[in-house]
Amino acid sequence: MNVVGSKASSKALRLLSKPTVPRYRSHPIRAASQCSTPGSSNPPHDRPHFPCVDAHAARESRIISSRSSSSSAPSSSGPEPPYARPNPKSYKVYHHDAPLPLVYADPLPSFDIAYETWGTLSPRKDNVILLHTGLSASSHAASTDLNPADGWWEKFIGPGRALDTNQFFIICTNVLGGCYGSTGPSSIDPTTGEPYATRFPVLSIFDMVRAQFCLLDHLGIERLYASVGSSMGAMQSLAAGWLFPERVGKVVSISGTARSSPSAIAMRFAQRSVLMADPNWKNGFYYDGLPPHTGMKLARQIATITYRSGPEWDLRFGRKMRKLPESNDAADAASPLAAAQRADRPRVPALCPDFLIETYLDHQGEEFCLKYDANSLIYISKAMDLFDMTAPALAELRLPPPAPRTGPPPLPPSLAAHEASPNHAQYHHLLSHSKSHPPPPNPPLHLPDLAAGLRPLANTPVLILGVQSDILFPVEQQREVADALRIAGNQMVSYYELGGVWGHDTFLLDVQNVGGAIRGFLS
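Positions within a chain are numbered from 1, following the residues in the order the chain's sequence is written. This being a predicted model, a pLDDT of at least 70 is required before a residue's local features are given, and a value of 80 or more before pairs of side-chain atoms are given or counted; all residues contribute to the totals for chains, interfaces and linings. Note that water and hydrogens are dropped before the side-chain values are worked out from all heavy atoms of the structure.

1. A look at the overall build of the protein chain
For clarity, the threshold we go by: Working definition: helices are DSSP H or I runs of at least four residues, strands are E runs of at least two. Numbering for both runs from the N terminus. Exposure is judged per residue with a 1.4 Å probe applied to protein chains only, and the accessible area is read against the type maximum: over 50% gives exposed, under 20% gives buried, and values in between give partly exposed. When checking whether two residues touch, look at their non-hydrogen atoms; a contact exists if any pair is within 4.5 Å. Each accessible area is a Shrake-Rupley estimate made with a 1.4 Å probe; only the visible protein chains count as cover when residues are assessed.
When helices and strands are tallied, the protein chain shows 17 helices and 12 strands. Among the 523 residues that make up the protein chain, the fraction classed as buried is 50%. Look at the contacts in the protein chain between residues 6 or more apart in sequence, and 75% of them connect residues 24 or more apart. In the form shown here, the protein chain has an accessible surface area of approximately 25,400 Å², with 57% of it arising from carbon and sulfur atoms.

2. A word on unusual backbone geometry
For Ser-255, which is not a glycine, the phi torsion comes out positive at approximately 50°. Mapped onto the fold, Ser-255 is located in the loop between strand E10 (251–254) and helix H5 (262–276). Phi at Asn-283 is positive, roughly 60°, even though this residue is not glycine. Structurally, Asn-283 is set in the loop between H5 and helix H6 (293–307). The exposure class assigned to Asn-283 is exposed, which follows from its relative accessible area of 55%.

3. Points about the side chain of Thr-390
For Thr-390, the position within the fold is in the loop between helix H10 (374–386) and helix H11 (391–396). Beyond its immediate chain neighbours, meaning those up to four positions away, Thr-390 contacts Arg-259, His-446, Asp-449, Leu-450 and Gly-453.

4. Details of the pattern of salt bridges
What counts here: Salt-bridge detection follows one rule: a side-chain nitrogen of Lys or Arg within 4 Å of a carboxyl oxygen of Asp or Glu.
Under the counting rule described, the total for this entry stands at 16 salt bridges. Between Arg-124 and Asp-126 there is a salt bridge, and its shortest N-O distance comes to 3.5 Å. Overall, the relative accessible area of 59% leaves Arg-124 in the exposed class. The exposure class of Asp-126 is partly exposed, given its relative accessible area of 35%. Among the ionic pairs, Lys-297 bridges to Glu-366, the shortest N-O distance being 2.9 Å. Here the residue Lys-297 occupies a position in helix H6, and Glu-366 occupies one in helix H9 (residues 356–368), the gap between them amounting to 69 residues. For Lys-297, a relative accessible area of 2% translates into the label buried. The class of Glu-366 is partly exposed, set by a relative accessible area of 25%. Connected through salt bridges with shared partners, the residues Arg-59, Arg-62, Lys-297, Asp-362 and Glu-366 form a single ionic network.

5. Points about the confidence of the model for the protein chain
Spelled out, the test is: pLDDT gives the predictor's per-residue confidence on a scale running from 0 to 100.
On average, residues of the protein chain score 86 in pLDDT, and 80% of them reach the 70 mark or higher. In this model residues 71–84 is a low-confidence stretch, pLDDT under 50, and it forms 24 contacts with partners more than four residues away in sequence or in other chains. Segment residues 432–437 is flagged for pLDDT under 50; beyond a separation of four residues in sequence, or across chains, it makes 13 contacts in the model.

6. Some thoughts on the sheet that holds strand E3 (residues 128–132)
Inclusion rule: Pairing between strands requires that DSSP locate at least two bridges from one strand to the other. Interaxial angles span 0 to 180 degrees and are taken between N-to-C directions of axes, which are lines fitted to C-alpha atoms, for helices over the stretch in contact.
The strand order across the open sheet built from 8 strands is E1-E2-E6-E3-E9-E10-E11-E12, with neighbouring strands paired in mixed fashion. Looking along the sheet, the strands with just one partner apiece sit at the ends: strand E1 (92–96) and strand E12 (493–498). On average, adjacent strands in this sheet sit at an angle of 20° to one another, irrespective of strand direction. Where helix H3 (residues 205–218) meets the sheet, its contacts fall on E1, strand E2 (111–118), E3 and strand E6 (169–173), and the angle it forms with E2 comes to roughly 65°.

7. With respect to the nonpolar core
So the rule is basically this: Definition of nonpolar core: a set of buried residues of the types Ala, Val, Leu, Ile, Met, Phe, Trp, Tyr and Cys, connected through side-chain atoms within 4.5 Å.
Judged by nonpolar contacts, the single largest core of 81 residues is most densely connected at Ile-171, Phe-206, Tyr-372 and Met-389. Ranked by residues supplied to this core, first place goes to H3 with 9 residues. Discounting chain neighbours no more than four positions away, the residues touching Met-389 are Phe-206, Leu-238, Trp-242, Ala-258, Leu-394, Leu-450, Gly-453 and Leu-454. Counting 28 residues, the second largest nonpolar core, distinct from the first, contains Ile-129, Leu-163, Ile-254 and Phe-507.

8. Remarks on the packing of H3 against helix H4 (residues 232–243)
Convention followed: Roughly parallel here means an angle under 35 degrees, roughly antiparallel means over 145, roughly perpendicular means 65 to 115, and every remaining angle is called oblique. The crossing is said to be left-handed when, going from far helix to near helix, the turn is anticlockwise and less than a right angle, and right-handed when the turn is clockwise. Under the grouping applied here, Gly and all other residues not named as nonpolar or charged are polar, the nonpolar ones being Ala, Val, Leu, Ile, Met, Phe, Trp, Tyr, Cys and Pro and the charged ones Asp, Glu, Lys and Arg.
Two numbers describe how H3 lies on H4: the axes approach to 9 Å, and their chain directions differ by 70°. Between H3 and H4, the crossing angle belongs to the class labelled roughly perpendicular. Judged by the sense of rotation from one axis to the other, the crossing of H3 with H4 is right-handed. The residues of H4 that touch H3, namely those facing Ile-205, Phe-206, Met-208, Val-209, Arg-210, Gln-212 and Phe-213, are Met-232, Met-235, Gln-236, Ala-239, Ala-240, Trp-242 and Leu-243. Broken down by class, the residue content of the contact of H3 with H4 amounts to 11 nonpolar, 2 polar and 1 charged.

9. Re the pairing of strand E11 (residues 462–467)
Selection criterion: Whether a crossover is right-handed depends on one test, that the path from the first strand over the helix to the second runs clockwise when the strands point away from the viewer.
Of all the 6 residues making up E11, 6 are buried; the element is thus mostly covered by neighbouring parts of the structure. With 6 bridges joining them, E11 and E12 adopt parallel strand pairing. The residue bridging Ile-464 from the neighbouring strand is Tyr-495, located in E12. As a crossover connection, the stretch from E11 through helix H15 (residues 475–487) into E12 is right-handed.

See the structure below:
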């Protein structure tokens, strides 16, 4: 028998049976910008008030109120809350009633694609530009007669602009998986009569492009003059040229990549995580209730951080604080706001948005959280993460590489309208300015695989634009695409790096440089 162990056990039991005596004293905790001040009539144990947190409950009340007031007139946009989407009467919808093969799932039985157009289709239908969107954009890239509101690329589309409607016929679609008129998770599943929700199949960028080419087939358009896209649209543009080398005359890829990087995947994963953690998400089946608006707001705040750059925010906001509202009410003399403004001490910080950069992120999240479907954000961002055009990745997807195009690149409309001349040969010579391009001094390990994967684009003129302040798609990724194309044998690669402080959003803002490069390459 272990006497020592037995005594120790008995002592432990006696100790456990004694009432516990607290060894600490509680003290009131000062809540930032909410604490009581000397001479204040506020009790020291009052709970602080956080307007930025209360805003979520207030938003929820507005959603419920708007639903009850509009219950007699259901929205034509579907069962989900009315997102700020284009009016269905302002865009066209193509319905494809044949199955669409998908990379990761069984074929989609049928689908809709929303689209808008600008310019005039030539008699030979050889002046068509397919414009691809970013993650959350609609087909409304520019104003139209049906929808005079400015589009997301308003200053780039029109007579004499980057996409010159005097020369070209531009088509822009809402991508498959979206919520602005094209089939996505919020659409009705014809087999159940209910929204697909997360029963919707996982998509790839290649699936989105194939759906767009079904629309082109419907319109009788055999070949594109060019495929143009920025951000996720840059991925689609490369994918279009890869899938259909003989049908795509030129490719423009702006602030994109041919292989999603771990850092970009991490950023999008963080967005999906906060969104899916919202109790209102309900595994994606929220269409008969409240949408996950709080998760959407937080996801948008994370995304906004990746869209701009630190140098821009330093110039734009610095470390400036929001201006405190003025109050002359004597009853507010003892309020937390008054305490924060006391002249005998520094301003008391708030835990809610206080710096201007915080108020900016808060505003961006608030503006977006009810404008887009949460499931669409999840599905489309995942498709971006899955994008990888290295040869082993394409082989794993069972995508056989097509042969590079065999014919010469298309002539711009200004030359195509005339008989063959020395000008035609000169034009093709200008496209072939990169006849010698040595590999980079420290190539990434996957560069040979990427070059092998991009081989179908070897005879397609490609314009690549990168932005030095872009943190979502760092400029190294655009250099990598240019290097891989040249190693693959493409002698018609034009590559430019842009400066400035606008980060990833440069493609939306820099009309002079982005627009000028596109206009020169196309015309």
